[in-house]
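Each chain, written out:
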Amino acid sequence: MKQLNDAFQSRKLAGIYLKNCFIKAATYEGMYDHGIPNQKLLDHHLAMVHGGVALTTISYGATSRDARTFKDQMYINEESLKHLKIVADKLHEADGKVSMQLTHCGYFSKNTEFKRPLAPSKVFNEYGVMSGIVFSKEMTQEDINRIANDFSRSAKQLKEIGFDALELHMGHGYLLSQFLSPWTNKRKDKYGGTIENRARFPLEVFDRIQKEVGVDFPIIVKLNLADGFKGGFTLEESIYVCKELEKRACALVELSGGFTSKTPFYLMRGAVPLKGMIKNGTSWAEKITMVLFGPFIIKKYPFKPNFFLKQAKVIRKQVSLPLAYLGGVDSKEGVEEILNEGFEFIALARPLIYDSNFLLKLQSGEILKSDCNRCNECVVEMDRGGIRCVLNK
């Protein structure tokens, strides 16, 4: 039986070593000035490193201007790379390691610079309709090639400035997830229909990145266990994608779930901070819609520790590649349960947002469990100057 101490032993991830099994999961920080990383972003991730995280993940590195969900989001370009290099260097000075989440929004966009965001198929954009972005544009083969190249170019640039790893976002209803999900992928060509076809483009992106950065450079794939609704990406389909990634010597798959535009709290679990979400609305129409329909369209999922474990164990039995468990780990007992189910790494966020020293306190025996109450107000704070825990003012 594995004990808590086993979680704090060094382990290999592709060509690097991590000091323990804990990864700070990517959670949108909202710490940018007109798309450029600011001091808050550096301080946030320094706190994670000082708190004992082996690998901290900067969230949502859009691969191009049209990959952003809104226009002030960061994308990988010459200017942002200058600042990201400073962040990476400072984290290394603190004996930390850093990964960047690479992604593309697909149709999930409020970015008014692009009135027809790209997607696998033409679909209604629930997220952007109040911003006048009603429908997506089905991607052509030229679009597919360009976006795949954007991913590989961004990966190469991040490796060159000193990032230790990359996370390729195939989950949560963003572009690669939209290809995987039959809910949003209605294509009739080689990229649509069967799971083999729907997975083709996401796997092509992985292949191009791996060719660019090499097998020894860790590529972590964030992948849904399921979208969380009827007609979406399923656990059986997730098994298929994991097996394909295993064939490709993927360094690690971080198992997650949910579809941001449809089941956003399938991943989060706990309270829905509706009042704050209404205040953060970008237009009166959006605010009124949230007031009238928010309680009906945003489903609440009760929190329980290790809430994805039942699904994740199915994947664990089917593949031997390294897996990172994510979902409700907040205690010594929870950590030990995950280790004893055969998962090599643990990704977590809210306990670290509540207290960046959570792991140090757990390791020392000062605490046995996080006091995070899963109010999810931290989600609201992303759009109010940067993610933080409102309980720790």
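Residues numbered from 1 in each chain as written. Predicted model: local features only at pLDDT ≥ 70, side-chain atom pairs only at ≥ 80, totals over all residues. Heavy atoms only, no water.

(A) Looking closely at the overall build of the protein. Per the secondary structure count, the protein includes 16 helices and 14 strands. A globule of 393 residues ought to have a C-alpha radius of gyration of about 21 Å, and the protein, at 19 Å, matches this closely. A principal-axis box enclosing the C-alpha atoms of the protein has dimensions of 50 × 45 × 40 Å. The 393 residues of the protein split such that 60% are buried. Pairs at least 24 apart in sequence give 71% of the contacts found in the protein among residues at least 6 apart. (Helix = DSSP H or I, 4+ residues; strand = E, 2+ residues; numbered from the N terminus. Rg over C-alpha atoms; globule rule 2.2 N^0.38 Å. Buried < 20%, exposed > 50% of the residue type's maximum accessible area, 1.4 Å probe, protein only. Contact = heavy atoms within 4.5 Å.)

(B) How the structure looks around the packing of aromatic side chains. Counted under the stated rule, the structure contains 16 aromatic pairs. Ring geometry for W183 versus F229: centroids 5.2 Å apart, planes at 80°, classification edge-to-face. Taken together, the residues span a long stretch of sequence, with W183 in the loop between helix 5 (175-180) and helix 6 (195-198) and F229 in the loop between strand 11 (219-224) and helix 8 (235-247) at a distance of 46 residues. Where F229 meets F259, the ring centres are 5.7 Å apart and the plane angle is 85°; that geometry is what we call edge-to-face. Here F229, found in the loop between strand 11 and helix 8, pairs with F259, found in the loop between strand 12 (252-256) and helix 9 (265-268); they are 30 residues apart in sequence, far enough to count as distant. Neither F229 nor F259 differs from the other in exposure class; each is buried. In this structure an aromatic cluster arises from ring pairing among Y266, Y301, F303, F307 and F308. Across from the ring centre of F135, 5.1 Å away, lies the NZ or CZ of K122, which sits over that ring. (Phe/Tyr/Trp six-rings, centres within 6.5 Å; stacked < 30°, edge-to-face > 60°. Lys NZ or Arg CZ within 6 Å of the ring centre and 35° of its normal.)

(C) Quick peek at helix 3 (residues 78-93). The first and last C-alpha atoms of helix 3 sit 23 Å apart over 16 residues, in line with the 22 Å expected at 1.5 Å per residue. Every buried residue of helix 3 is listed here: S80, L81, L84, V87, A88 and L91. Each buried residue of helix 3 lies within a common arc of 120° when the element is viewed along its axis, so the set occupies one face. Along helix 3, exposed side chains directed more than 90 degrees from the buried face belong to E78 and E93. For helix 3, the secondary structure elements touched by its buried residues are strand 5 (36-37), helix 2 (39-50), strand 6 (55-62), strand 7 (98-103) and helix 4 (141-160). Two or three places before E79, at the opening of helix 3, N77 has a side-chain oxygen 2.9 Å from that residue's backbone nitrogen. At the C-terminal side of helix 3, D95 shows a positive phi close to 65°. (Expected span 1.5 Å × (residues − 1). Arc of directions from axis to C-beta. Polar contact = N/O pair within 3.5 Å; in protein donor to acceptor, adjacent residues only side chain to side chain.)

(D) The arrangement of the pairing of strand 6 in detail. In terms of residue burial, strand 6 counts as a mostly covered element, since eight of its eight residues are buried. Note: strand 3 (residues 22-24) against strand 6, two bridges, orientation parallel. Along strand 6, the bridge assignment pairs K24 with T56. Judged from the five bridges that link them, strand 6 and strand 7 form a sheet pairing that is parallel. The partner of I58 across the bridge, within strand 7, is M100. (Pairing = 2+ DSSP bridges.)

(E) Region of the structure containing helix 2. For helix 2, which comprises twelve residues, the first-to-last C-alpha distance of 16 Å matches the rise-based estimate of 16 Å (1.5 Å per residue) to within 8%. Within helix 2, burial applies to L41, L42, H44, H45, L46, M48 and V49. One or two steps after helix 2, the chain reaches G52, where phi turns positive at roughly 105°.

(F) Highlighting the packing of helix 4 against helix 7 (residues 200-213). In contact at an axis separation of 9 Å, helix 4 and helix 7 are set at 35° when each is read in the N-to-C sense. Two packed elements cross with a definite hand, and for helix 4 against helix 7 that hand is right-handed. On helix 7, the residues touching I144, N145, I147, A148, N149, F151, S152, A155, K156 and K159 of helix 4 are F201, E204, V205, R208, I209, E212 and V213. (Axes fitted to C-alpha atoms, helices over the stretch in contact; angles between N-to-C directions. Left-handed = near helix turned anticlockwise from the far one by under 90°.)

(G) Layout of the environment of L360. Tracing the chain through its elements places L360 in helix 15 (residues 358-364). Along the chain, L360 and H50 lie 310 residues apart, while their C-alpha atoms are 9.1 Å from each other. Excluding residues within four positions of it along the chain, L360 makes contact with H50, G51 and G52.

(H) Broad picture of unusual backbone geometry. Positive phi is not limited to glycine here, since A14 has a value of about 55°. For A14, the location among the structural elements is in the loop between strand 1 (11-13) and strand 2 (16-18). On the accessibility criterion, A14 (26% relative accessible area) is partly exposed. One non-glycine residue, D95, adopts positive backbone phi at about 65°. Mapped onto the elements of the fold, D95 is located in the loop between helix 3 and strand 7.

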